[in-house]
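Residue-level structural notes
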Amino acid sequence: MKRAIFILLILLIGTGAFFYFYKGGDLFKKMIGGKAIKEGVIEYDITYPKADPNSMMISGLPSKAFLRFKDNNMVNDMSGMMGLISITYISNQTTKKVAQTLTLINKKYVSDISVEEMNKMNGSYLSGIEPGKNTQEIAGFKCKEEIVKLQNGESIHVFYTNDIGITNPNWSNPYSKIDGVLMDFQMERYGLAMHLKAKSVLVQKIEDTAFDIPDDHKKIPFAELEKILQELNPASN
């Protein structure tokens, strides 16, 4: 029975070698000499706080997101409709390039995101950030609180950690003023609010090619990719 569970765990995690499945921060820090994790995967649970939980649309939306990181580069993956639709956001600090991919059944698209487009997209979400007073342990990491005011006047509580070794992790997202890895936060894209909370951190070897722009995708302007994604969201129509 134990062997079967172990094999199932490996299959669920996916291919690629892994060294340790981390949920206990103190134990892990002792194992690596107290150094912050600099390479691996963060798994987030996704919920939709403003959507009707009984809506058929919810069942087809992504329930998990995975952030792979190495050498301060990041790639965020999420998929929905049983894998028929997947979106990847590549943030390469080495090259200072950002790109977004979309796989829609058998169609594959990729768009480079210019600095102007990134600033416009990210600048339309938040209006202010101030330090909170609370701390919280999330996926084994001690997290600090920030109180974030959105452009629509709503205030939300965001938690982040400084114990994961990514320098300037939010340079390409709306939370650029928070110096830490986001562990509990909210995003809104294409008329849909998403709440993401870290569930676990997996220490795993990440290939450098994970941060390359895929060459088997059709390159289209970012505005065109945004239009396709907007049309896929029934809530925006």
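An account of the accompanying structure is given in this report. All figures in this text were calculated on a predicted structure; none of them were measured in a lab. (Residues numbered from 1 in each chain as written. Predicted model: local features only at pLDDT ≥ 70, side-chain atom pairs only at ≥ 80, totals over all residues. Heavy atoms only, no water.)

1. Some thoughts on the pairing of strand E7 (residues 107-113)
- Across 7 bridges, the pairing between strand E6 (residues 97-104) and E7 is antiparallel. Across the sheet, the residue bridging to Gln 100 is Ser 111, located in E7.
- Hairpin connection between E6 and E7: a loop of 2 residues separates the two successive antiparallel strands, and Ile 105 in this loop has a positive phi of roughly 60 degrees.
- Alignment of E7 against strand E13 (residues 218-219), held across 2 bridges, turns out to be parallel. From the neighbouring strand, Tyr 109 faces E13, where its bridge partner is Lys 218. (Pairing = 2+ DSSP bridges. Helix = DSSP H or I, 4+ residues; strand = E, 2+ residues; numbered from the N terminus.)

2. Here's the deal with unusual backbone geometry
- In this structure, Asn 72 takes a positive phi of about 70 degrees despite not being glycine.
- For Ala 139, which is not glycine, the phi dihedral falls at a positive 55 degrees.
- Mapped onto the fold, Ala 139 is located in the loop between strand E8 (126-138) and strand E9 (141-150).

3. Here's the deal with the pattern of salt bridges
- With the rule as written, the count across this model stands at 8 salt bridges.
- For the salt bridge of Lys 50 with Glu 188, the shortest nitrogen-to-oxygen distance reads 4.0 Å. With Lys 50 in the loop between strand E2 (39-47) and helix H3 (56-59) and Glu 188 in strand E11 (residues 181-189), this pair connects stretches of sequence that are 138 residues apart.
- A relative accessible area of 49% means that Lys 50 is categorised as partly exposed.
- By relative accessible area, which is 32% here, Glu 188 ends up partly exposed.
- The residue Asp 77 makes a salt bridge to Arg 68 at a minimum N-O spacing of 2.8 Å.
- Several salt bridges converge on common partners, so that one network encompasses Glu 43, Asp 45 and Lys 64. (Salt bridge = Lys/Arg side-chain N within 4 Å of Asp/Glu carboxyl O. Buried < 20%, exposed > 50% of the residue type's maximum accessible area, 1.4 Å probe, protein only.)

4. Some details on the pairing of E2
- Two elements, E2 and strand E3 (residues 64-70), share 7 bridges in a ladder whose sense is antiparallel. Note on E3: the bridge partner recorded for Gly 40 is Phe 69.
- Pairing analysis gives 8 bridges linking E2 to strand E12 (residues 192-204), with the strands arranged antiparallel. Each bridged residue has a counterpart across the sheet, and for Thr 47 the counterpart in E12 is His 195.

5. Topic: the packing of aromatic side chains
- Under the counting rule described, the total for this entry stands at 3 aromatic pairs.
- Aromatic side chains Tyr 44 and Phe 185 sit 5.9 Å apart centroid to centroid with 90 degrees between the ring planes, which places their arrangement in the edge-to-face category. Note that Tyr 44 is positioned in strand E2 and Phe 185 in strand E11, a separation of 141 residues in sequence.
- Look at Tyr 175 and Phe 185: their rings are 6.0 Å apart centre to centre, the planes differ by 80 degrees, and that puts the pair in the edge-to-face class. Of this pair, Tyr 175 sits in the loop between strand E10 (155-161) and E11 while Phe 185 sits in strand E11, and the two are 10 residues apart along the sequence. (Phe/Tyr/Trp six-rings, centres within 6.5 Å; stacked < 30°, edge-to-face > 60°.)

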